[in-house]
2 protein chains.
Amino acid sequence: MKKIINDPEQVVDEMLTGMVMAHPEIVRVNGFNVLIRKESKKKDKVTLISGGGSGHEPAHGGFIGYGMLDAAVSGEVFTSPTPDQILEAIKAVDTGKGSLLIVKNYSGDVMNFEMASEMAEMDGIEIEQVIINDDVAVEDSTYTTGRRGIAGTIFVHKIAGAMAEKGASLSEVKRVAQKAINNLRSKGMALTSCTVPSVGKPTFEIAEDEMEVGLGIHGEPGVEKIKIKSAAEIAENLVDSIVEDLPFKSGDEVALLINGLGSTPLMELYILNKSVQDLCRKRGIKVYKTYVDEYMTSLEMAGASISMLKLDDELKELLDEPADTLVLKQGGKKDD
Amino acid sequence: MKKIINDPEQVVDEMLTGMVMAHPEIVRVNGFNVLIRKESKKKDKVTLISGGGSGHEPAHGGFIGYGMLDAAVSGEVFTSPTPDQILEAIKAVDTGKGSLLIVKNYSGDVMNFEMASEMAEMDGIEIEQVIINDDVAVEDSTYTTGRRGIAGTIFVHKIAGAMAEKGASLSEVKRVAQKAINNLRSKGMALTSCTVPSVGKPTFEIAEDEMEVGLGIHGEPGVEKIKIKSAAEIAENLVDSIVEDLPFKSGDEVALLINGLGSTPLMELYILNKSVQDLCRKRGIKVYKTYVDEYMTSLEMAGASISMLKLDDELKELLDEPADTLVLKQGGKKDD
């Protein structure tokens, strides 16, 4: 196993320690795998909590900060965080105005966030949840009933986070988060597997001339294993599935996310972006804003996913609001 | 070859097209592999130009913007840009106040930037150059006389860029760039090779239980091939070489860069960061600011480099000045 680690059982703890050592604007809750904004007790602000298994960095800790998340909770690698960890995240940032939990649709995550939310409500904290299911590749999967949540999640953090900073109520923040989810579709592909540190060998086998289409962010199987295609053909496969699912129509405006899964060079993500933009233009879909980078990875998997968010005036305005997180920084006047 | 590309001979052109499609704040000079700031004709500002072979993304295009570079010029993958391309970059952003060329020490780069600078001077543009040689691993290498320039380059972009935004003269901008270079040391290691698209096979062979220490960013050989070590041992190897070379002493303040070479998960970079910070503390070296991400890669190579910049009050102030580039965004008041 080729990894820069010490003890495979300690990777999450050491990662979180190394992360707060690098970024003093993020604080770890003592004894928990929970990261929070240093200044998170803003009065009159709904708080946003997200999380999931580790191994998807920079998600979700990299999105803590002004205009996005207040707390992120990490499970072991590709493993849901436990309810007590989630509860701690909720409590650590509580302002009294309620919390929105942003949960990707995996059975373990959904169950544990639900339990944590019941425990928080018993502590008198008002909770709402949204479940993200942006992956159009499969209807049910290894770890889900219904569609999986993947990289499009970042758009939900951004939209809901901007609304929360405006001082909106919990139901209003939930409303825009759900609107973003309803307008959001994604699909991914991979050229290689990844290796979970505590397992020590690749999650799946794939031949030197093959790619996997529609796989999940934990290496769970996709729709098909096929011969490697060109960037233009990959773009067509992914964009066609996404566009026809919502469907996105000529005249629609979208935000586009080209997300690297871990070991895909930026060079390849930009080449893929060119093909995707060409296809959108051909379909009459206007790309309002584009994000190209690693936002939600699967350890060192080679591959990419595409996410498209259909915009209306409200979503456009929220997308354009400032953000100040490790990964996403957008300028503008902050009401901090 | 597992890559998301179309034609291996067109990767640089398609990448640059895909990059400007995603980021309207960056413009490509028509017909050239040159990217520039959209608003680059600021009066009374020394311009900064850097570049080199492609395959090191986000370097250097990702550092174009307020407080860093005005232009970046790209050669083919791992190949120096030609003098006419460099000249075009210089001319495209010229303000009449002179240009500083920030060049990594590779024979081809040094020769071509020198030729371009002579051509620019004949066109009446005042030019100064600095040569970056931060890699302590080897004294001479495959492509260099003297030490190689690697990821520490980003600190030179930042320091010189901040000085240029203040309206400083070309000689003042050069002075702080050279001061940063004098105070800068780096060293890297890799777990895997990378594959140049037009070659189609890995640049070097490395066994499943081996790592290469002190290698360059083009896969050129390092100091030694050894059995894989733990993150703590890797940190010790790199930090010892760096610290003893300058030397960095107890009481020194430094900026620290933990740079991923392409396919190293953020998880591993943060684990490495923890070990590096522990070692600095033990040596009495104060880490003033830490950067952890992919800043200068070698396509999809797995591995990391560490860079340390010794700070004085002037360098600290320049490091803290705002920056607004694709990769590095720092807040603060901008005199734009």
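Look up: the structure comes first, before these words.
Residues numbered from 1 in each chain as written. Chains lettered and ligands numbered in written order. Predicted model: local features only at pLDDT ≥ 70, side-chain atom pairs only at ≥ 80, totals over all residues. Heavy atoms only, no water.

Caption draft 1: Focus on the relation of the copies chain A and chain B. Superposing chain A onto chain B requires a rotation of 180 degrees together with a translation of 0.0 Å along the rotation axis, leaving an RMSD of 0.0 Å. Overall, the copies show the geometry of a two-fold rotation axis. If distances are taken from each C-alpha of chain A to the rotation axis, the shortest is found for A:Ser263, at 1.9 Å. (Least-squares fit on C-alpha atoms with pLDDT ≥ 70 in both.)

Caption draft 2: Quick peek at the pattern of salt bridges. Residue and element names in this part refer to chain A. What the rule picks out here adds up to 56 salt bridges over all chains. Here aspartate 278 makes a salt bridge to lysine 274, at a shortest N to O gap of 3.1 Å. Of this pair, aspartate 278 and lysine 274 are both found in helix 7 (residues 266-282), four residues apart, which corresponds to roughly one turn of the helix. Overall, the relative accessible area of 29% leaves aspartate 278 in the partly exposed class. A relative accessible area of 21% means that lysine 274 is categorised as partly exposed. One salt-bridge network, held together by shared partners, links Glu172, Arg175, Lys179, Asp312 and Glu314. (Salt bridge = Lys/Arg side-chain N within 4 Å of Asp/Glu carboxyl O. Helix = DSSP H or I, 4+ residues; strand = E, 2+ residues; numbered from the N terminus. Buried < 20%, exposed > 50% of the residue type's maximum accessible area, 1.4 Å probe, protein only.)

Caption draft 3: Molecular detail of unusual backbone geometry. With an omega of 15 degrees, the peptide bond between A:Glu57 and A:Pro58 qualifies as cis. Of note, A:Pro58 is situated in the loop between strand 3 (47-54) and strand 4 (65-66). A positive phi angle, near 55 degrees, is found at B:Phe78, a position not held by glycine. Among the secondary structure elements, B:Phe78 is positioned in the loop between strand 5 (71-77) and helix 2 (83-93).

Caption draft 4: Here's a closer look at helix 4 (residues 153-165) of chain B. Residue and element names in this part refer to chain B. Look at helix 4: 18 Å from first C-alpha to last across 13 residues, which is about the 18 Å you get at 1.5 Å a residue. Most of helix 4 is tucked away: 13 of the 13 residues are buried. Glycine 167 occupies a position one or two residues after helix 4 and carries a positive phi of about 85 degrees. (Expected span 1.5 Å × (residues − 1).)

Caption draft 5: Structural detail: the side chain of B:Thr153. Residue and element names in this part refer to chain B. Among the structural elements, threonine 153 can be located in helix 4. Overall, the relative accessible area of 0% leaves threonine 153 in the buried class. When residues no more than four places from it in sequence are discounted, the contact partners of threonine 153 are His60, Ile102, Lys104, Ile132, Asp134, Leu184 and Met296. (Contact = heavy atoms within 4.5 Å.)

Caption draft 6: Looking closely at the pairing of strand 6 (residues 99-104) of chain A. All names here are of chain A. Of all six residues in strand 6, six are buried, a share of seventy percent or more. Residues Ser99, Leu101 and Val103 point to one face of strand 6 and Leu100, Ile102 and Lys104 to the other, with burial holding for every one of them. Of the pairings in the sheet, the one linking strand 3 to strand 6 comprises four bridges and is parallel in character. When the sheet's bridge partners are listed, leucine 48 is paired in strand 6 with leucine 100. Following the chain from strand 6 across helix 3 (residues 107-122) to the adjacent parallel strand 7 (residues 127-132), one finds a crossover that is right-handed. (Pairing = 2+ DSSP bridges. Right-handed = clockwise from strand over helix to strand, strands pointing away.)

Caption draft 7: The interface of chain A and chain B, seen in detail. If you look at the interface, chain A gives 58 residues, while chain B gives 58 residues. Between chain A and chain B lies a buried interface of about 4,500 Å² when both sides are counted; carbon and sulfur atoms form 67% of it. For the pair chain A and chain B, the interface holds two salt bridges. For the salt bridge of A:Lys3 with B:Glu268, the shortest nitrogen-to-oxygen distance reads 3.9 Å. Applying the counting criterion to the chain A and chain B interface returns 19 residue pairs in polar contact (both at pLDDT 80 or more). (Buried area = accessible area lost by both parts, 1.4 Å probe. Polar contact = N/O pair within 3.5 Å; in protein donor to acceptor, adjacent residues only side chain to side chain.)

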